[in-house]
Every structure is written in structure tokens, then in C-alpha cells.
Amino acid sequence: MEAGEGAGGPDGPDTPGARCGCASFNQDSTSLALGTKTGYKLFSLTTVEKLDCIHESAESPDVYIVERLFSSSLVVVVSSATPQRMNIYHFKKGTEICNYSYPDAILAVRLNRQRLVVCLEESIYIHNIKDMKLLRTLLSTPSNPSGLCALSVNHSNSYLAYPGNATMGEIVVYDTNNLSTVTMIPAHDSPLAALTFNASATKLASASERGTVIRVFSIPEGLRLFEFRRGMKRYVTISSLSFSPDGQFLCASSNTETVHIFKLEQLGPSGGDEAETWTAYMGKMFSVASSYLPAQVSGMMSQDRAFATVHLLASGCKNVCTLAVIQKLPRLLVATADGQLFVYNVDPQDGGECVLAHKHRLFGVDEDHSEGTESEGSEVTGLAHAYPSYAATAALPATGPVTATLTGYCEDGGAKKGEVIPEHEFAAGPVCLDDENEFPPINFCRDGTGGGQARHS
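Residues numbered from 1 in each chain as written. Predicted model: local features only at pLDDT ≥ 70, side-chain atom pairs only at ≥ 80, totals over all residues. Heavy atoms only, no water.

Asks: Can you help me understand the sheet that holds strand β16 (residues 159–163) in this one?
Replies: Across a sheet, strands are paired by hydrogen bonds formed along the backbone, either parallel or antiparallel in direction. Pairing is antiparallel across the open sheet formed by four strands, whose spatial order is β15-β16-β17-β18. Of all strands in the sheet, those bounded by a partner on one side alone are β15 (150–151) and β18 (180–188). Pairing geometry for β15 and β16, over two bridges, is antiparallel. For Leu 151, the partnering residue across the bridge sits in β16 and is Leu 160. (Pairing = 2+ DSSP bridges. Helix = DSSP H or I, 4+ residues; strand = E, 2+ residues; numbered from the N terminus.)

What follows is the structure, given as C-alpha cells:
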């Protein structure tokens, strides 16, 4: 699962009343990262009632991209003060591993245990996360001003999805392990607005700028599996899509007050075992009738409505949602640009309206009072120093962080205009960073012996 849409971009938050520059859940929805005016915060999502701030940094102002690699110490940060530079930190040690500069503003960063992808408006850079070597540069991609892209969490099937057309909803699916295009999916008639893979990278969900239809495709084949209708009365802006960990549910949030949860289930085969209900009868009738109707009408009839819904307290506030299992129960989490996190209980059997389990404020009481806002909901606990001895005693690198200002190639082997570096095409194995005492995977940045190139000439 991946959800990384923020509240703004290089120019700052674009939502009125926004208190954070971005909000993103990590790949398994166990952590929430928040970009702020003074830096970034990381929260642990292990319980419903308590929200622990496990790290807070004030080193970079106006952070609009912050991505954490699973539960590791690796965090990627981009600030509107330097929108062309990506900083990679080891937050448990309080050190910068390295930073990279690109020719234009960075619009999105996606990562799994095998790859790190940087998306600009008209190009995409694919790095090997183990040593940050640039493996491939996708130049002259269709204009993508929002930086829309999705990278699968599964490093074995490390697929990247991005728009293949600026005016229509075409999706390019790219294999970042083999560095080759897998398929092109004609998903929608209008430009794309949201993309996400399921955890196993066997399904890809998409929505267009109209926001009325959400489609799910098989990967790598690109066949349409499901089609869900979010609504027909009005066009909306879908801000995020996210699969549940088991891939059985898909949630979608937008600029309206409603969050939809869809259930991915195939209709049972017709036969004697099927319950002879009115709904089943009407379903058969619609199925037969649809074969005689125009494709547009037929498609509309085949769409399924939401299995469950959530009605937020207000609309118009940009948000990001995810489905997670917390304390052994399915939950829907919604983080909003005004600095709140809503946790809802989801009934996996009957669906319906989800019940609000808890609401957290992502900013402390002092911060709220200083800005003249009222304190409401639960408070965020103080910074949880889970690793004081480690951070205090870990040896700092002998040399400072390596700064790589990238010009198209590197002396020790790089990529220019999409060429592959054979010796760095694959990492030796997945980078496991869940151990409290692990070290950063980017060894060449730590000892200063290597450099990468991402700026094309």
C-alpha cells in the first residue's frame, strides 16, 4: 500500500487553512509522515487511541515531500526552499546520508526496498536504493504537473505506473527491476488523477480528473477487473487511492466530505447455489439488458457502488487515506491538510457507514494555541525517544554528506538519456531496514567513494 499525496507542492500548500505541506503513509501504513513549515514529523500508527511522535526535525523549512521507507530510519525529504534537491536522512542518528539535485522541481518521490523513483514534470529518475546509482532516466515523458506516479511496494515485482498521455487517461506500467516497459493501459477518457498498486503488485487502481469512475486492472496484463462508481452527480478531485493490505478493499478520498470504500469481489457463478434474491434477479436482468445497450450506458450499469463510506466533518480540505490493520482490526485512516488524523472502524462483513474511533491532532496544544485555534480531540504525545542510546552513541560518518549535483553521467558509471548501468542494474538483495541497529543502505554516500548523476544535459 502506498499513499503519498500532500497538501501542496514546491510553491507551498494549495489548500486554504492547510497547516502541513504534505502527509504520507509509509508502505505498510504503520507510520505517518508530515511535512511542516519548519521541518517534518514522523508518527507511529500502532494503536488507535494513542499517536506517538517518534521523530521531529526542524532542519528544512516548508517541507512538501517526506517519505519513509517502511519502519526503517531512511527518510527522503524535499523542501520548497530547494525544490530541485532531494535530501536522504538517517533520522535515528540525526544525520544526512546524501542529497541529489535535479534540473527541475521534484514533484514526487516513491520508494520500496529495491528502487527509489524521483518524478519531475517531464522526466522520471530511477535509482537503485542500495547504492543510489542512477539506473534509468525516462526523458520526455508526457507533461505531469502534479507528479502523479505509483511504485509498487513489492520489490520482487517493482512496477512503476505513470501517465502516458497528458490529455487522456493512459497508464504506462514500467518494470523498474528489468528497466523495461511492461504495458500501456487505456484506462480513462480524461487525464489521470490518482494511481495505486496493491501490496502484491498484481492490481493497479486508477481514477481520472472527472472523479466519477475508479477502475482496477490486472498487472502485468493490464486487463480491466473492476469498475466502481464514486458518483455521477458532480465531478470531483480524487486525492488518494489505497488498497487494504489483503487487497480485498480499495478506498478513495476526494475534495468532498465522503470517503468511499469498495470491495473487490467477483459476482458468484450463476446456478442453483446462488441465492434467489431480488438483488440477484435484478443483477441478471441488468447483465442481459446491458448487451443490447450502448457501451457508455452498459459500462455505467456494470459499475458497483461503495461497500462502505465515511462522511468527514468538512469538505474542501485536501487529504490522504489508507486502509490498515491496527490492533488486529481493519481501520480507515484519513490525514487532512489542516493537521488532523481520523481513524475509523471498518466492518469487513456488512460495510455501511464507518464509525469514527478516534480523532488526533497532529500538532501539539502549544502550537494550536499559538495560532489561535481551539484544542479539540486527542493530543499527540510528546516526542517518543525510542532510540536515545542508539542516537547518542552511534558513530557519525567520517566525512560529511555527499552532495551530488547531477549533470547527465558520472565518472564511475552512470546513466545518460536512459542508458542502463549493467553492473548496478540489480541490487544483490532487498534492503532490510527494520532492525533498530541497521545502517543506511547507501554505503557509497557514507564513505564518499561514489557519486550519482541525475541531471541530464
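Asks: Help me understand unusual backbone geometry in this model?
Replies: Negative phi characterises most residues that are not glycine, and trans characterises most peptide bonds. Omega for the peptide link from Ile 219 to Pro 220 comes to 10°, which places this bond in the cis form. Positive phi values are uncommon outside glycine, yet Gln 327 reaches one of about 55°. Structurally, the position occupied by Gln 327 is in the loop between β27 (319–326) and β28 (329–336). In this structure, Lys 328 takes a positive phi of about 70° despite not being glycine. Assignment of secondary structure puts Lys 328 in the loop between β27 and β28. With a relative accessible area of 79%, Lys 328 lands in the exposed category. (Buried < 20%, exposed > 50% of the residue type's maximum accessible area, 1.4 Å probe, protein only.)

Asks: What is the right way to look at the environment of Thr 212 in this model?
Replies: You can see Thr 212 is positioned in the loop between β20 (203–208) and β21 (213–218). You can call Thr 212 buried: its relative accessible area is 14%. Here the alpha-carbon distance between Thr 212 and Ile 238, two residues 26 residues apart in the chain, equals 9.0 Å.

Asks: Honestly, the side chain of Ser 218 in this entry has me stumped. Any pointers?
Replies: Structurally, Ser 218 is set in strand β21. With a relative accessible area of 9%, Ser 218 lands in the buried category. A polar contact of 3.3 Å, which involves the side chain of Ser 218, links it to the side chain of Glu 221. Dropping the residues within four chain positions of it, Ser 218 is found in contact with Thr 202, Leu 223 and Leu 225. (Polar contact = N/O pair within 3.5 Å; in protein donor to acceptor, adjacent residues only side chain to side chain. Contact = heavy atoms within 4.5 Å.)

Asks: When you look at the environment of Asn 165 in this model, what are you seeing that I'm missing?
Replies: Within the secondary structure layout, Asn 165 lies in the loop between β16 and β17 (169–175). For the pair Asn 165 and Pro 186, spaced 21 residues apart in sequence, the C-alpha separation works out to 9.6 Å. Not counting chain neighbours up to four residues away, the residues in contact with Asn 165 comprise Pro 142 and Glu 170. Separated by 2.8 Å, the side chain of Asn 165 and the backbone nitrogen of Thr 167 make a polar contact. There is a polar contact of 3.1 Å between the side chain of Asn 165 and the backbone nitrogen of Met 168.

Asks: Would you take a moment to explain the sheet that holds strand β30 (residues 352–353) for this structure?
Replies: If you trace the five strands from one edge of the open sheet to the other, you get β23-β24-β25-β26-β30, paired in mixed fashion. Lying at the two open borders of the sheet, with one neighbouring strand each, are β23 (238–243) and β30. For β23 and strand β24 (residues 249–254), the ladder comprises five bridges, and the chain directions are antiparallel. Pairing of Ser 242 across the sheet is with Cys 251, part of β24.

Asks: Can you help me understand the pattern of salt bridges in this one?
Replies: Any two side chains of opposite charge can pair, given that their charged atoms come close. Considering all chains together, one arrives at five salt bridges under this definition. A salt bridge links Lys 50 to Asp 52; its shortest N-O distance comes to 3.9 Å. In the salt-bridge network here, residues are joined through shared partners; they are Arg 215, Arg 224 and Glu 227. (Salt bridge = Lys/Arg side-chain N within 4 Å of Asp/Glu carboxyl O.)

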